[in-house]
Each structure stands twice: as structure tokens, then as C-alpha cells.
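Listed here are the chains, written in short residue letters.
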2 protein chains.
Amino acid sequence: MGFSEERSADVVAASFAGAADPRLRQVLSSLVRHLHDFVKEVDLTDEEWAAGIGFLTRTGQTCTDVRQEFILLSDVLGVSMLVETVNHRTGGVATESTVLGPFHQVRSPDRRLGDDINLDGKGVPCLVSGRVTGPDGTALPGARVDVWQTNEDGFYDVQQPGVQPAGNLRGLFTTDEQGRYWFRSAVPRYYPIPADGPVGELLTATGRHPYRPAHLHFIVSAPGHRPVTTHVFVADSPYLDSDAVFGVKESLIRDVPEVDDPARAAATGMANPFRALTFDITLLRGDAHEGPA
Amino acid sequence: MGFSEERSADVVAASFAGAADPRLRQVLSSLVRHLHDFVKEVDLTDEEWAAGIGFLTRTGQTCTDVRQEFILLSDVLGVSMLVETVNHRTGGVATESTVLGPFHQVRSPDRRLGDDINLDGKGVPCLVSGRVTGPDGTALPGARVDVWQTNEDGFYDVQQPGVQPAGNLRGLFTTDEQGRYWFRSAVPRYYPIPADGPVGELLTATGRHPYRPAHLHFIVSAPGHRPVTTHVFVADSPYLDSDAVFGVKESLIRDVPEVDDPARAAATGMANPFRALTFDITLLRGDAHEGPA
């Protein structure tokens, strides 16, 4: 079967006929069909193709042990968010998911409930707490709550090795007998995604800003339940309606009010009054596999 | 406009509204729409997405000054051939184009008609010749004929710096007053594309071989005419019907017969009898821009 403009995707898909894995054959055939449709739809020029090759090459070469530019690219094209969404349909009864992002690169340090993860002490202190339950509201003791956020300067610890303390604003908690978790941190900050590489060029060329609204990342897992990868967003943050990676879902936005409660402050080690972020998480039943480690 | 599975491509396309260049907006919006359609069509899993990110990253990191793995990837997915085809529709009157490939990385050395470009002397000597004309058959004197091929071991000079003489089997000729070119070389060999990187993994996983049928690359340009990037393929070569990069077009296949012609042998510096590859090239009229340099 000779190559032609009309038959191009068929010819290439046919070349995958010998793939041992039928799912790989299906995924690649679909990818090729959509890629070829794209080329034909816009009549992609040689120069545009070459620019694309150069862009992808630089994207790969910008990746290091602590920077994943291809995930960023997937993020700013909404692909990450779409993959997350089609894989974690909640049916309206569980906590919605959002993007993992490129900064969950290390196993978070084990923490005890109540620990302060704000190791550099910057920013506005904040008590973060919530309850992990199943879809029927049953508490999930022993659930794992993995959290990470930027510091007040807008960087994750893995972006600033030697500058931030290792494990700053990152922790892996285990819920108590009532499914509760709580820890001390800082009020999340909005921040720009790394914009000094190819993805930054793309944002600039398309008139987009690189900011993400203030948020705190979560991966929550429990035996017998489906893990969820999500964020909680701060209600009054700039960029809530134009997140550079399209991560915002209405159900994930929370106020972070100032609380005047001397007893609770004393019990949690906060200075009264204090800012408090409450985020309850509902998991669907399902395979008890862990989230990304 | 919030993100959802249904609206995902619209939301991302809307983010490009501020792009200064309307063509960039068009290309990116189309790309995003087709990418999102792909993700939804196959319900791409988190693990498959992560595998894709890893694959693209390794592809970028395999690129060096003398190796372009992303062009190879584009080639084995038929994208390069499709782009070439939609940009160089010949209307049946001119020499058809095929892929540039990743090995035209240096300016070919200027050569004089009749030069021997087979600097390492390996393989079967071959006289390559032809005539460059316009669509009406008018000779094109002063046309530039840029050629490159592998040596007998299946490698281009740029793949073996320090092993092959620089400029081996590569040259930039200028046609004579009758539009003719001729030079001495070796009969082209079939060879594998580099299969020790991510693209090789993809070929293995899909049961594909990495071979290209024997061919000689050309970029031919002339004032007032559209340049053509093409190959001539050797008629009896293995893999003519399963080129790893889908480059074969019927019109580009030529026999390389043994010729017994003592006078012509003497005139061209060949030992009689000799193998001869004849490839006439017809250019379309058009903008007199040069091909890739």
C-alpha cells in the first residue's frame, strides 16, 4: 500500500499490525490518525514542521532531574488535565481530581499529625485540616495524605535544592482513627510555572501569563478506595479564572478564613488568631492501589 | 469557562485568543483539538500518559549535534512524509518529493561535475547522472544539485565523524549549460535508521524493522523554480515495500543497470563496464527560494 496524502494514516496504522500488545496498536493508530488529520487540516508548512521539531527537542533537553518541561507542556495544552479527568470520573460523589504537576518528584517525608511543614518559616501561618471518608461518609483511618506546596517565594523545595530545607512544605500524613488529618503550614501562594524555557516561549507567543492560582497539592489514598490526585485552591487568589494549566474546578475552591479560637490554637500550636484551611476528601471505592509515589 | 471533559479543547483554544500571530493561533487550536480528541478516543490512562511523557523526554535527550531523534520519530510515524507531500503537490508534472530525513545537517561541499564523492572507496562504483528541467522540458543550467547517501556500511558521514572522511558521499553540484549533472559515487545501500534510541524501542514494540531501502538523497533548486527534496530508490533493493519512514513513491524508483560503454567510461573516469543510475529531475515554476541549506 503506497503512501499518499489520502491514505497516509492508513498506511502508517497498517505498519503497527505486528505489535504484540493490541492496546499499543490501538493507541498508536489513533494517535497517528489524529496527528495526520491535524497536519492536513492546517496544511502544516515545512517551516512550521521544523519549528515544531525544534520546539519538542528543546523541550526534551530542558528536562533535568528536577525539571520536567514535557509535563509542563502537557499541562499548558490542557492534556494533563484532560487525562486526569477522563481517568477519574467521580460521578459527583467524590472529591474531584486535578493535575499532578511536575513537582511531585520525591517521596514526601513521613510526618506526624500536627507537624509544621513550613520549614523555612516564610509566609502566613495556616492550619490545614480535614477528614478523609468513603463515598458514604465513613471515616477512613490510616488513609495516606501526601501534600506539597510552594513556599512564599513561589518555589517548591525541589526547585531550590540548597536554598530551601529539603522537604520544605511537603509531607506524607496518615489519618487518625476518625479519618482526620491536620498539620501546620503557610497560606498557599499563587506562583508562575517555570517560564524561562520552551513552554514559557509558547505562553509568551500566545499572549498567556504563566501563573497558577494559590493551591496546595494532595494525593490521598486508602485501602479499598481509589486514590485521588487533586489540589485545594484558595478562594481569593488571583488567576483562579485563568490557571496556566487549567487545573481549577469549582468544587476544589475553599476560603481560608482567620479563626479566633484560643483553645484550638493551643491544641495545634498555632498563635491565635490564625488562618485555617479546611479540606475534606471523599474517595470512591475501588482498587486499593497507591497513587504516584 | 471552566474545564470539563466535554469543553476541554474549547477552553484551551480560548486561551490562545491573545496570540499576536493568527496563524499560530490556528495551528495550536487545531493541534489541541486533535490531541484532546485522541486522549478521549482511547481513554488514555495515567500510566500511558506518563509513558508518553517519558518517551518524548528521552527522544529530546537523545538528540545531539549529529543525531535528530525527533525527526526520526516524525519519520517513522509518517508525519514527515505527509508534511512533505501536502507542501509539494506536483500536479503530476514534476519530480515527486520525499522526506528530507535527519542527516542533511551540514552544507554539502561544493563539487565539480564528474567528481568522485565516494571518498572512502567502499562499495560498488556507480555513475550517477541526469538532467534538470522545467515542467516544459526546458533545460535548467546553473541548477543546484545537493546529494548525500550512506557509505557501504550504512552510515552517513555525519554519523561517523573521524571514521569517514568529512563530506564522504555528499556534494553540491551545479548543472551545465544543458541542465546536466553527473558524478561518481557508489551504488546506494539499504540501511537501518538509528535503532538504539527511543525510536528503535517504538519500532521493536510494534514489530517493525528499522530499514530503509537503498536510496540517494537529492535537494534540487533553480532560479524561478520550486526546489524539490527527494530521493531516487534502487529498484531491486530490499524493503522497497516497507520503508521504515514511508518515503517510497513509485515514480522515484530506478534500475541501476551495468553499462558496457568504453567511451563513456573513459570520459567519466569509470572502469568499464560500470553501474549507472540515471535520474532526471523536473522542477515546477515558482518562487526561487533555495531548499534547506
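Residues numbered from 1 in each chain as written. Chains lettered and ligands numbered in written order. Predicted model: local features only at pLDDT ≥ 70, side-chain atom pairs only at ≥ 80, totals over all residues.

Engineer: It is not clear to me how the relation of the copies chain B and chain A should be interpreted in this structure. Could you clarify?
Structural biologist: Look at the two chain copies: a rotation about an axis and a shift along it is all it takes to match them. Under the fitted operation, chain B is carried onto chain A by 0.0 Å of movement along the axis and a turn of 180 degrees, and the coordinates agree to an RMSD of 0.0 Å. The transformation relating the two chain copies, once decomposed into turn and shift, fits a two-fold axis. Rotation axis and chain B: the residue whose C-alpha lies nearest the axis is G60 of chain B, separated from it by 2.0 Å. (Least-squares fit on C-alpha atoms with pLDDT ≥ 70 in both.)

Engineer: What should I look at first to understand the sheet that holds strand β9 (residues 253-254) of chain B in this one?
Structural biologist: Two orientations exist for strands paired in a sheet by backbone hydrogen bonds: parallel and antiparallel. Read from one edge to the other, the open sheet built from 5 strands follows the order β3-β2-β7-β8-β9 (chain B), with strand pairing classed as mixed. Each edge of the sheet is formed by a strand with only one pairing partner; in this case those strands are β3 (170-174) and β9 of chain B. (Pairing = 2+ DSSP bridges. Helix = DSSP H or I, 4+ residues; strand = E, 2+ residues; numbered from the N terminus.)

Engineer: Is there a simple way to explain the nonpolar core in this structure?
Structural biologist: Where a protein is soluble and globular, its nonpolar side chains tend to be buried together. Counting 73 residues, the largest nonpolar core has V76 of chain A together with V32 and V76 of chain B as its most contacted members. Once you skip the residues sitting within four places of it in the chain, V76 of chain B turns out to touch V199, L202, L203, A244 and V245 of chain B. (Core = buried A, V, L, I, M, F, W, Y, C linked by C-beta atoms within 7 Å. Buried ≥ 20, exposed ≤ 12 C-beta atoms within 10 Å, placed from the backbone. Contact = placed C-beta atoms within 7 Å.)

Engineer: Looking at this model, I keep getting lost on the packing of helix α3 (residues 46-62) of chain B against helix α4 (residues 69-76) of chain B. Mind explaining?
Structural biologist: Helix-helix packing: each pair is described by the crossing angle between the helix axes and the interaxial distance. Residues and elements named next belong to chain B. One way to put it is that α3 packs onto α4 with a least axis distance of 7 Å and a crossing angle of 125 degrees. As summarised for this structure, α3 and α4 are arranged oblique, according to the angle between their axes. Contacts between α3 and α4 pair T59, G60 and T62 from the former with E69, F70 and L73 from the latter. Here the contact of α3 with α4 is composed, by residue class, of 2 nonpolar, 3 polar and 1 charged. (Axes fitted to C-alpha atoms, helices over the stretch in contact; angles between N-to-C directions. Parallel < 35°, antiparallel > 145°, perpendicular 65-115°, else oblique. Nonpolar A, V, L, I, M, F, W, Y, C, P; charged D, E, K, R; others polar.)

Engineer: Would you mind going over the sheet that holds strand β3 (residues 170-174) of chain A with me for this structure?
Structural biologist: Residue and element names in this part refer to chain A. With mixed pairing, 5 strands are arranged side by side in an open sheet as β3-β2-β7-β8-β9. Two strands lie at the open edges of the sheet, namely β3 and β9 (253-254), each paired on one side alone. For strand β7 (residues 215-221) and strand β8 (residues 228-234), the ladder comprises 6 bridges, and the chain directions are antiparallel. Its bridge partner being in β8, I219 is matched across the sheet by T229.

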